[in-house]
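A closer look at the structure
Listed below are the residues making up each chain.
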Amino acid sequence: MTTPNKTDRPEAIAFHGTTDDGDEVVGFGNIRVVLQKDDDGWFAQGLEVDYAAEGDSLEEVKRAFEQGFFATIDTHLRMFGGIEGLLRPAPVEVWTDVLTNPSQIRRFSHISLHQLLLPFQGIEYFTEGRARG
């Protein structure tokens with residue numbers, strides 16, 4: 001397996017702005033999400049954002065990640081007026097695990113106009129055994 005160099009992988013991005021009408025616009029691009037199967041279900045952990053979700057099936061954990069991440073963004077906007085609190089990476093132990101098994105990563109992109117209709121588009125998830133560069 002070849003390891004892609006930094007220029008082969010899109011950089012994670014985040015933005016927050018306000019429309020002329022006063023609506024909040026938030027975007028996250030190329031956020032990597034690790035999907036892991038455990039005994040009773042699935043676990044999803046963001047890498048560039050320290051957000052996680054659980055679900056009974058692969059589809060359920062993706063939906064839980066999307067809906068929960070949107071709710072977390074919405075809460076941050078209302079409580080703190082921005083997304084700065086979301087801009088922290090996952091803990092070191094998560095990164096260490098991923099670096100030893102990169103095949104479990106998927107990319108996630110999100111743009112929301114707060115009032116967003118779900119599901120998000122453009123989410124790329126990674127599960128064990130399906131590596132993508």
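The coordinates are above.
Report on the accompanying structure. (Residues numbered from 1 in each chain as written. Predicted model: local features only at pLDDT ≥ 70, side-chain atom pairs only at ≥ 80, totals over all residues. Heavy atoms only, no water.)

Focus: a negative patch on the surface
Side chains of Asp38, Asp39, Asp40, Glu54 and Asp56 sit close together on the surface and give a patch of like negative charge. The topology assignment puts Glu54 in strand E4 (residues 52-55). (Patch = residues over 30% accessible without salt bridge, like charges linked within 9 Å, V, L, I, M, F, W, Y side chains within 5 Å. Areas by Shrake-Rupley, 256 points an atom, 1.4 Å probe, with all protein chains shown as cover. Salt bridge = Lys/Arg side-chain N within 4 Å of Asp/Glu carboxyl O. Lys, Arg positive; Asp, Glu negative; His and termini not counted. Charge placed at Lys NZ, Arg CZ, Asp CG, Glu CD. Helix = DSSP H or I, 4+ residues; strand = E, 2+ residues; numbered from the N terminus.)

Things to note about the pairing of E4
Taking every second residue as pointing to the same face, the buried face of E4 carries Ala53 and Gly55, while none of Ala52 and Glu54 on the other face is buried. With four bridges joining them, strand E3 (residues 41-46) and E4 adopt antiparallel strand pairing. The residue bridging Ala44 from the neighbouring strand is Ala53, located in E4. The turn linking E3 back onto E4 is made up of five residues. (Buried < 20%, exposed > 50% of the residue type's maximum accessible area, 1.4 Å probe, protein only. Pairing = 2+ DSSP bridges.)

Let's talk about the environment of Glu84
Along the polypeptide, Glu84 turns up in the loop between helix H1 (58-80) and helix H2 (92-100). Judged by its relative accessible area of 58%, Glu84 is exposed. When the C-alpha atoms of Glu84 and Ala14 are compared, they prove to be 9.5 Å apart, with 70 residues separating the residues in sequence.

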